[in-house]
Amino acid sequence: VNPPARPVLGQTWAQAGWAGRARAFLWGLFCFEWHREVQEQRARAGDALHLVVFGELVGLPLVGSAVGLRLLPHLYPLLGDWRRRQSADHDVVEEAPHVH
Amino acid sequence: MSPFWFVLLALLGYGAAYFGYARWYDRAVWRPDAGRTTPAHMYMDGVEYFPVSRYVLWGYQYKSVAALGPILGPYIALQYGWLPALIWIIVGNFFIGWIQDYGSIMVSVRSQGRSFGPISHETMGAGGRNTLLGFVLFYLLIFSAAFIHLVAVFWNEFPATFWATMGVLAAGAITGQLLYRARVSIVVTTGVALVLVALSVVLGVHAPTPADVFGPWTLPFWAAVCCAVLYVASILPLPSFIQPVNYVSFFPAFLAVLAILIGALLSPALGVTLREPAWKAWTTPAAGPIWPMMFVAIACGAISGWHSLVGSSSTSRQLDVETDARPVGAGAMLSEGLLALASLAAFMVLSPREAGGTGNVGAWVDGAVRLTKGYLGGPAAAAALKAYFALTLVIFALTVQALVTRFWRLVSAEVFQGRAAWLGRRHVATLVGLGVPWLFAVTGGWTNLWLYFGGANQLLAGLALMLITIHLVRAGSRTAPTLWPAAFMIVTTLASLLIQAWFFARAILRGRPLVGAGSPLGAPPWHLAAIAVNGAFVAVGLALFALGLRMAVLACRAYVAGRRAAGAAPAAADD
């Protein structure tokens, strides 16, 4: 389920009216948390794949570079986000929002 | 007088807070700029950082902050009368509550989306961050004890709820399988799940569990069953169980809250009136003096430290533009104030005798039935409504507690790394995170547990307000709107923790342990075990006090240093 980031393409919230706003609120209330969880799980699986394939970039040569090179065109667009997530500071307190 | 009038009063008060005070505060202190790039755009990865509309975030923030705090807290506050509780919920939220939620989001947005852990490290050094972690660890212990105790009490007091709860858990597990394995659409799955939840209520009504099945040991028994359920829930992978259960559970819980609010607004037409006295006493034997106890009893409805963790770790990373922070942070918190008032109404429509004196927190269910049965089927529907409202209490507590247990495990792994790393292992940490709270839950009375939990929670709020103030003073902006509330919350909560610790210490000195009503641990030979656990309560209270005091001292030092460095000219908090 994708988030209603904008009411309708090309419209403003004022044009979308109260029904559009209520729909967005209810989506945030019931679905957004799950949407985020699913995105995070998908990213975690993707990060593991990146680590196996491109591990040598961070000093962990798990798979031969020939395999990495063949997969590079497919995975290249995701490499930037992967690198940023791996190098970012993560604090255990950040897990708190998942409680509730 | 009917509950309608004070709900109306709250709507007016919160309207003034949002459109008056919040607008002024927004312009005078933070000066949000819609043109400034937020972390959601700066680091957009579709996972942690991505922009969503303010309406979506408002719904998310509201869901993240609304739970049992605003529902059950007013029960203890009612021991002083409903008027002080009403004033605290309205005035506390007006001047303190929403400012903390809004400020937490803005501090994180202006700090590249960092959470309070790194921010406390930056402002107060490694000691500040480690103290925060230690504080969170003790806080989670008390949190868990309070919620396990509540589930055990509800399962025993409302015989229809146990099998209904099991039905909801099964509905959640089926939902997960339908979505992830069978790939059924979310709309169909949700429909199936809601039918299963409704059937669970019917099952609960027709298959009640026997009350007081093990005599005085019934509460420890239900608490152990609760721990077993929580153990499974927190060990299983998130998508298999807890995630879909949370999704399924929130529908009936939200509808229950909505039904009570509608009942309060319809109360003049339904003939429901207030029966609790407006004022009772300055002090009570169970809870202690009105200050500081009432201010920590109503956790969440007026202010809650937990909100600052949500705002700074999650919401701030999805904020589309800075100007959305007010509708999201202030809007969600003021909405939660309405939830607290609706819950207060559910207690107020019962007479003091019906509410059952201290300890009968399940009175909320009877009040909710009285508020709603007039427009939801009349007296014939009372039994089903009672099962339904009691079930919402249980699933609110159980789903939150399952995630708290997981969180405890993560914090344990962080805190005990090194020589005591075995304490952070998956099963060991889970067993400790459930075993110790079980022991606390079966000895400590509900009032004492809740006041400890409220004290720790509200102290976290005071510390969050100090972190916001430090950010503002470093930016050369106004600090009075957050500094004074921070000082009030820190002094109040530290005092409440000391008083609670003294209650337990006094019980030990007298040789009469502080235990829940009807607990078998109050009589020999078990009273010695209860005295030992009371000693642990004293230790936990003093540890929370010491850690909180250390955090407060470090925060004050950082504030003074920031004030010296900031210079004289006030500016916007836009570093």
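Residues numbered from 1 in each chain as written. Chains lettered and ligands numbered in written order. Predicted model: local features only at pLDDT ≥ 70, side-chain atom pairs only at ≥ 80, totals over all residues. Heavy atoms only, no water.

## Let's talk about the confidence of the model for chain A
In step 1: Residues at a pLDDT of 70 or more form 84% of chain A, whose mean pLDDT is 78.
In step 2: Per-element averaging of pLDDT across chain A places helix 3 (residues 65-87) of chain A at the bottom with 83 and helix 2 (residues 32-54) of chain A at the top with 87. (pLDDT = per-residue confidence, 0-100. Helix = DSSP H or I, 4+ residues; strand = E, 2+ residues; numbered from the N terminus.)

## Looking at the nonpolar core
Residue and element names in this part refer to chain B.
In step 1: Formed by 225 residues in total, the largest nonpolar core has its most connected members in L72, W98, W364 and F389.
In step 2: Looking at this core element by element, the count peaks at 23 residues for helix 6 (residues 116-157).
In step 3: Not counting the four nearest positions on each side in its chain, W98 is found in contact with A17, Y21, A22, Y25, N93, A330, M333 and L334. (Core = buried A, V, L, I, M, F, W, Y, C linked by side-chain atoms within 4.5 Å. Buried < 20%, exposed > 50% of the residue type's maximum accessible area, 1.4 Å probe, protein only. Contact = heavy atoms within 4.5 Å.)

## Section: the packing of helix 9 (residues 218-235) of chain B against helix 17 (residues 426-443) of chain B
The geometry of a pair of packed helices is captured by two quantities: the angle between their axes and the separation between those axes.
All names here are of chain B.
In step 1: In the contact formed by helix 9 and helix 17, the axes pass within 10 Å of each other and the chain directions differ by 155°. When the axis of helix 9 is compared with that of helix 17, the two are roughly antiparallel. Of the two possible hands of crossing, helix 9 and helix 17 adopt the one that is right-handed. Of helix 17, the residues touching helix 9 (which contributes L219, P220, A223, A224, C227, L230, Y231, S234 and I235) are R426, H427, T430, L431, L434, W438, A441 and V442.
In step 2: Grouping the amino acids of the contact of helix 9 with helix 17 by side-chain chemistry returns 13 nonpolar, three polar and one charged. (Axes fitted to C-alpha atoms, helices over the stretch in contact; angles between N-to-C directions. Parallel < 35°, antiparallel > 145°, perpendicular 65-115°, else oblique. Left-handed = near helix turned anticlockwise from the far one by under 90°. Nonpolar A, V, L, I, M, F, W, Y, C, P; charged D, E, K, R; others polar.)

## Here we look at the interface of chain A and chain B
Reports of interface size often rely on the accessible area that becomes lost once the parts have come together.
In step 1: The interface is formed by 39 residues belonging to chain A together with 55 residues belonging to chain B.
In step 2: Between chain A and chain B, a total of about 4,300 Å² is buried, with carbon and sulfur atoms accounting for 69% of that surface.
In step 3: Counting every contact that joins chain A to chain B gives five salt bridges.
In step 4: One can count eleven residue pairs in polar contact (both at pLDDT 80 or more) joining chain A with chain B. (Buried area = accessible area lost by both parts, 1.4 Å probe. Salt bridge = Lys/Arg side-chain N within 4 Å of Asp/Glu carboxyl O. Polar contact = N/O pair within 3.5 Å; in protein donor to acceptor, adjacent residues only side chain to side chain.)

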